[in-house]
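# Per-entry structural report
Residues per chain, in single letters:
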Amino acid sequence: MSNTASGAQGFYTQGILLMCVGVACLSANDAIAKTLTAGYSPLQILFLRNVIALPITIVIALFMGGPSALRSHRTVAHLLRGALWVGATMMFFTSFIYLALAEATALIFVAPFFITLISAVFLAEEVGWRRWLAVLAGFLGVLVIIRPGGAAFQLIHLLPVATALVYALLMLSARWVDPRESVWTLLVYLTGAGALLSALIVPFVWVHVRLGDLWLFAGIALFGTAGMTMMTQAFRLAPAVVVAPLDYTALLWVTLFGWLIWRESPDAMTFLGAAIIIASGVFTILREQRQAGS
């Protein structure tokens, strides 16, 4: 019994470490994307990121899931998910041009609340009053950050919120995928669909890639793929209630990157709004885990 408990604890520890490092990698991915938006369209950044990352994800999928990980039973579902991902990523990268990195990241944290809202209204899933309160609290946090009607409010503040909505649709669209397909299949086809769909439009916004920026495009592909891979594996090793709240550590990383690179310093209201969103999100995760276990 003790050996079993020790083994489970070891998996939990590995999951926590992988989640923390994965979140840090995705935060670095976002920081590099913000740097690149000074000279390139968000669509071109996304296209090159996916083209460079696709061979890496294929190798990872083969290593983790074998040849069957490259086989899709519902290709159209992956194309639709790719379209959602392209849309969400383009909006998020575009917000980097106008907003501080930490500010944009804090606003995208409302995605879980959109998932709850969509599930209740359109999928007829039962949502208790406690989760509705958490949803309302999460959107209160958004209002604290963007302060509609205030001098600091800009319409661009709504872009990360729209990103969160599309990202929520992307998460829910996983139900369209054939249950026989693994998470590694989803990773490969999401990257491949993103590369294919962005390739159709990128010629209209393409600019010459400077030689000195190639390492940045390589970095965004490596950090993005590594982050997604480690976070995926974290959820396989430890319960969601343990690792999911660690996603919010991204706010620490993006605040650090924002200050080091651009000397961005989010104001107190941004931190207050982020704290409300994070507290509501953690409550939702704990509540769902408790109901799943009952």
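Residues numbered from 1 in each chain as written. Predicted model: local features only at pLDDT ≥ 70, side-chain atom pairs only at ≥ 80, totals over all residues. Heavy atoms only, no water.

## Here's the deal with the overall build of the protein chain
The line we're drawing: Where helices and strands are cited, they refer to DSSP runs of H or I of at least four residues and of E of at least two residues respectively, numbered from the N terminus. As a reference, a globule follows 2.2 Å times the number of residues to the power 0.38, and the radius of gyration itself is taken over C-alpha atoms. For the exposure calls, accessible area comes from a 1.4 Å probe over protein chains only, and a residue counts as buried if that area is under 20% of its type's maximum, exposed if over 50%, partly exposed in between. We call two residues contacting when some pair of their heavy atoms lies within 4.5 Å.
From N to C terminus, the protein chain includes 12 helices and zero strands. Ordered by position from the N terminus, the helices and strands of the protein chain form the series α-α-α-α-α-α-α-α-α-α-α-α. Its C-alpha radius of gyration of 19 Å places the protein chain within 12% of the 19 Å reference for a compact globule of 294 residues. Looking at the protein chain as a whole, 48% of its 294 residues qualify as buried. Restricting to contacts in the protein chain with at least 6 residues of sequence separation, those with at least 24 account for 90%.

## A word on the UniProt feature "domain: EamA" (unreviewed entry) in the protein chain
Stated formally: UniProt positions are given in the numbering used here, feature names are shortened, and annotations may be inferred rather than shown by experiment.
Mapped onto the present numbering, the UniProt feature "domain: EamA" (unreviewed entry) falls on residues 14-146 and 158-284. Structurally, residues 14-146 is divided into 81% helix and 0% strand, and its ends, taken at the C-alpha atoms, are 37 Å apart. Taken end to end, residues 158-284 comprises 71% helix and 0% strand; its first and last C-alpha atoms sit 23 Å apart.

## As for the packing of aromatic side chains
Counted only if it meets this: Think of it this way: a Phe, Tyr or Trp ring, Trp meaning its six-membered ring, pairs with another when their centres are within 6.5 Å, and the plane angle makes it stacked under 30 degrees, edge-to-face over 60, tilted otherwise. The rule is short: NZ of Lys or CZ of Arg within 6 Å of the ring centre and within 35 degrees of the ring normal puts a charge over the ring.
If you walk through the whole model with that rule in mind, you get eight aromatic pairs. Relative to Phe 139, the ring of Phe 114 lies with its centre 5.2 Å away and its plane at 70°, an arrangement referred to as edge-to-face. Placement of Phe 114 in helix 5 (residues 111-121) and of Phe 139 in helix 6 (residues 129-146) is noted, with a sequence separation of 25 residues between them. Relative accessible area serves as the criterion here: at 22%, Phe 139 is assigned to the partly exposed category. Three or more aromatic residues joined by ring pairs form one cluster here, namely Phe 92, Phe 93 and Phe 96. Across from the ring centre of Trp 262, 5.2 Å away, lies the NZ or CZ of Lys 34, which sits over that ring.

## Quick notes on the packing of helix 2 (residues 42-65) against helix 8 (residues 183-199)
Under the convention used in this document: Only C-alpha atoms enter the line fits that serve as axes; for helices the fit covers just the stretch in contact. Angles between N-to-C directions range over 0 to 180 degrees. Between 65 and 115 degrees an angle is taken as roughly perpendicular, under 35 as roughly parallel, over 145 as roughly antiparallel, and anywhere else as oblique. Two helices that cross are described as forming a left-handed crossing if the nearer one is turned anticlockwise from the farther one by less than a right angle, and a right-handed crossing if clockwise. Under the grouping applied here, Gly and all other residues not named as nonpolar or charged are polar, the nonpolar ones being Ala, Val, Leu, Ile, Met, Phe, Trp, Tyr, Cys and Pro and the charged ones Asp, Glu, Lys and Arg.
Axis separation between helix 2 and helix 8 bottoms out at 8 Å; the angle between their running directions is 155°. Comparing the axis directions of helix 2 and helix 8 gives the class roughly antiparallel. For the pair helix 2 and helix 8, the sense of crossing is left-handed. Grouping the amino acids of the contact of helix 2 with helix 8 by side-chain chemistry returns 14 nonpolar, seven polar and one charged.

## Looking at unusual backbone geometry
Backbone geometry at Arg 263 places phi at a positive 60°, although glycine is not the residue there. In this fold, Arg 263 is placed in the loop between helix 11 (250-262) and helix 12 (268-293).

## Observations regarding the side chain of Ser 198
Counted only if it meets this: The definition of a polar contact used here is a pair of N or O atoms within 3.5 Å, where within protein one atom must be able to donate a hydrogen and the other to accept one, and adjacent residues in sequence count solely through side-chain atom pairs.
Following the sequence through the fold, Ser 198 ends up in helix 8. Within the structure, Ser 198 has its side chain in polar contact with the backbone oxygen of Ala 195 (distance 3.2 Å). Ser 198 has contacts with Leu 43, Phe 47 and Asn 50, leaving out every residue within four places of it along the chain.

## A word on the packing of helix 8 against helix 9 (residues 214-237)
Relative placement of two packed helices is described by the angle separating their axes and the distance separating the axes. Direction vectors running N to C along helix 8 and helix 9 enclose 160°, while the axes themselves pass 11 Å from each other. The angle between helix 8 and helix 9 falls in the class roughly antiparallel. Crossing geometry of helix 8 relative to helix 9 is assigned as right-handed. Seen from helix 8, the contacting residues are Val 183, Trp 184, Leu 187 and Leu 190; seen from helix 9, they are Met 228, Thr 229, Thr 232, Gln 233 and Arg 236. For the contact of helix 8 with helix 9, a count of residues per class yields five nonpolar, three polar and one charged.

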